[in-house]
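For reference, the chains in residue letters:
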Amino acid sequence: MRSAPAVLRTALAATLLGALTAGCSTGDGTDGGGTGTGPGGSTAGAAKPGRYSALPEPCGSVSESTLRRVLPDAAPEAYRGTPAVTYDTGRRGGCSWQGTDAETGSTLQLSVDFERVISYDPEVSDDDRAALDFTARAVAAGLPDPDAPQDDTADGSADDAADDSADDAAAGEQDGAPADGREPDAADAPGRTDSEGEPVPRTVSGIGSEAYLDDRLSSTATGARREVTLAFRSANVIATVHYTRISPGSDTPPASTPLQDGAQRVGRHLAGGFDD
């Protein structure tokens, strides 16, 4: 019969042998047993936070001089504005103003809305998330989807289009127009209309990082209503301007151009504050 010390030595040797075997099989952890954190244990960096960490005070965002241009006959107290109800002024804010056109009796309304976009995806920055959200809004308003697949060109039509483009370019050069046949501001020039003669949504240059304008005419129980929406993005903030005229008891719809001009005036004013 083996003595107790002999049994103890045998057990100890077996333990040491098992430890050595485990160490050899583990190696340096590079045989598929890593954590995926990359060389040196580093992890992929989170996306950058947005440029803006706060929003402007909505009712103070439009100067009184600008308000007097778009609401010329409003009562003095109306220029103070009415703040929108919001539960997080760091993420969302808005304000509205209203006046009456003394000449026509029409109601004029102006509102601004600010949204600071935050991305909860660590791989998508706040600015990129805001750009995606802005594109979705533009598409919902009726602008073309930049990510939509293009229709296949029929056989031979590509060559015909190229020939037509060359002819147009030659004609444009003879007329003194740009060779591409477009005016410098054609992308955002007003004048394009739908089948009913109403303006179609369009992009607008020179306001924020990107902007679009939407002009809508509708009927109310008391008269015609036209609302022009000017939306723009500056980094991770999306701002929206609504400029509306309601003409009670009138068969003549409110004119589009003054409202578009006014909405763009306010939009440029707001965008200038973000650029500072």
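Rules and cut-offs
Residues numbered from 1 in each chain as written. Predicted model: local features only at pLDDT ≥ 70, side-chain atom pairs only at ≥ 80, totals over all residues. Heavy atoms only, no water. Helix = DSSP H or I, 4+ residues; strand = E, 2+ residues; numbered from the N terminus. Buried < 20%, exposed > 50% of the residue type's maximum accessible area, 1.4 Å probe, protein only. Contact = heavy atoms within 4.5 Å. Areas by Shrake-Rupley, 256 points an atom, 1.4 Å probe, with all protein chains shown as cover. Polar contact = N/O pair within 3.5 Å; in protein donor to acceptor, adjacent residues only side chain to side chain. Pairing = 2+ DSSP bridges. Disulfide = S-S within 2.5 Å. Salt bridge = Lys/Arg side-chain N within 4 Å of Asp/Glu carboxyl O. pLDDT = per-residue confidence, 0-100.

**Comments concerning the overall build of the chain**
Right, so step 1: For the chain, the count of helices and strands is 5 helices and 7 strands.
Right, so step 2: Beginning at the N terminus, the succession of helices and strands in the chain can be written as α-α-β-β-β-α-α-β-β-β-β-α.
Right, so step 3: Within the chain, buried positions represent 32% of all 276 residues.
Right, so step 4: Sequence-distant contacts, at least 24 apart, represent 58% of the contacts inside the chain between residues at least 6 apart.
Right, so step 5: Accessible surface, the chain as shown: approximately 17100 Å² in total, 51% of it carbon and sulfur.

**Observations regarding the side chain of glutamate 198**
Right, so step 1: Its place among the elements puts glutamate 198 in the loop between helix H4 (157–175) and strand E4 (202–203).
Right, so step 2: Glutamate 198 gets classed as buried once you look at its relative accessible area, which sits at 18%.
Right, so step 3: At 2.9 Å, the side chain of glutamate 198 forms a polar contact with the side chain of arginine 226.
Right, so step 4: Not counting the four nearest positions on each side in its chain, glutamate 198 is found in contact with Arg192, Thr193, Leu217 and Arg226.

**Re the sheet that holds strand E3 (residues 107–116)**
Right, so step 1: Across the sheet, 7 strands lie side by side as E1-E2-E3-E7-E6-E5-E4; this open sheet has antiparallel pairing. In the strand order of this sheet, the two ends are held by strand E1 (82–83) and E4, each with one partner.
Right, so step 2: Bridging between E4 and strand E5 (residues 210–219) involves 2 bridges; their strand directions are antiparallel. Paired with arginine 202 across the strands is leucine 213, a residue of E5.

**Concerning the state of the cysteines**
Right, so step 1: A full pass over the atoms with the stated rule returns 1 disulfide.
Right, so step 2: Here cysteine 59 pairs with cysteine 95 through a disulfide, and the sulfurs are 2.1 Å apart. Of note, the bridge from cysteine 59 to cysteine 95 carries an S-S torsion of about 95 degrees and is right-handed in sense. Separated by 36 residues along the polypeptide, cysteine 59 in the loop between helix H1 (4–26) and helix H2 (64–70) and cysteine 95 in strand E2 (residues 92–100) bring together distant segments of the chain.
Right, so step 3: For cysteine 59, a relative accessible area of 13% translates into the label buried.

**Overview of unusual backbone geometry**
Right, so step 1: Of note in this structure, alanine 235 is not a glycine but carries a positive phi near 55 degrees.
Right, so step 2: Relative to the helices and strands, alanine 235 is located in the loop between strand E6 (223–234) and strand E7 (237–248).
Right, so step 3: With relative accessibility at 10%, the residue alanine 235 sits in the buried group.

**Points about the pattern of salt bridges**
Right, so step 1: Within this structure, the stated rule accounts for 10 salt bridges.
Right, so step 2: Residue glutamate 64 pairs with arginine 68 through a salt bridge whose shortest N-O separation is 2.7 Å. Highlighted residues: glutamate 64 and arginine 68, both in helix H2, separated by 4 residues, approximately one helical turn.
Right, so step 3: Assessed through its relative accessible area of 44%, glutamate 64 is described here as partly exposed.
Right, so step 4: Given the relative accessible area of 40%, arginine 68 is considered partly exposed.

**Description of the confidence of the model for the chain**
Right, so step 1: For the chain, per-residue confidence averages 78 on the pLDDT scale, and 67% of positions sit at 70 or higher.
Right, so step 2: Of all secondary-structure elements in the chain, the lowest mean pLDDT belongs to H1, at 43, while E3 reaches the highest, 97.
Right, so step 3: Confidence drops under a pLDDT of 50 for residues 1–43, and excluding neighbours within four residues, the segment shows 5 contacts in the predicted structure.
Right, so step 4: Contacts from residues 161–187, a stretch scored under 50 in pLDDT, to residues over four places away or in other chains number 6 contacts.

**Examining the pairing of E6**
Each regular strand carries side chains that alternate between the two faces of the sheet.
Right, so step 1: Judged by how many residues are buried, E6 sits mostly within the fold: 11 of 12 residues are covered.
Right, so step 2: With 10 bridges joining them, E5 and E6 adopt antiparallel strand pairing. Bridged to serine 218 within E6 is arginine 225.
Right, so step 3: Taking the residues that link successive antiparallel strands as the turn, the E5-E6 hairpin has 3 residues.
Right, so step 4: From the end of E6 to the start of E7, which pair antiparallel, there are 2 residues, and alanine 235 there has a positive phi angle of about 55 degrees.

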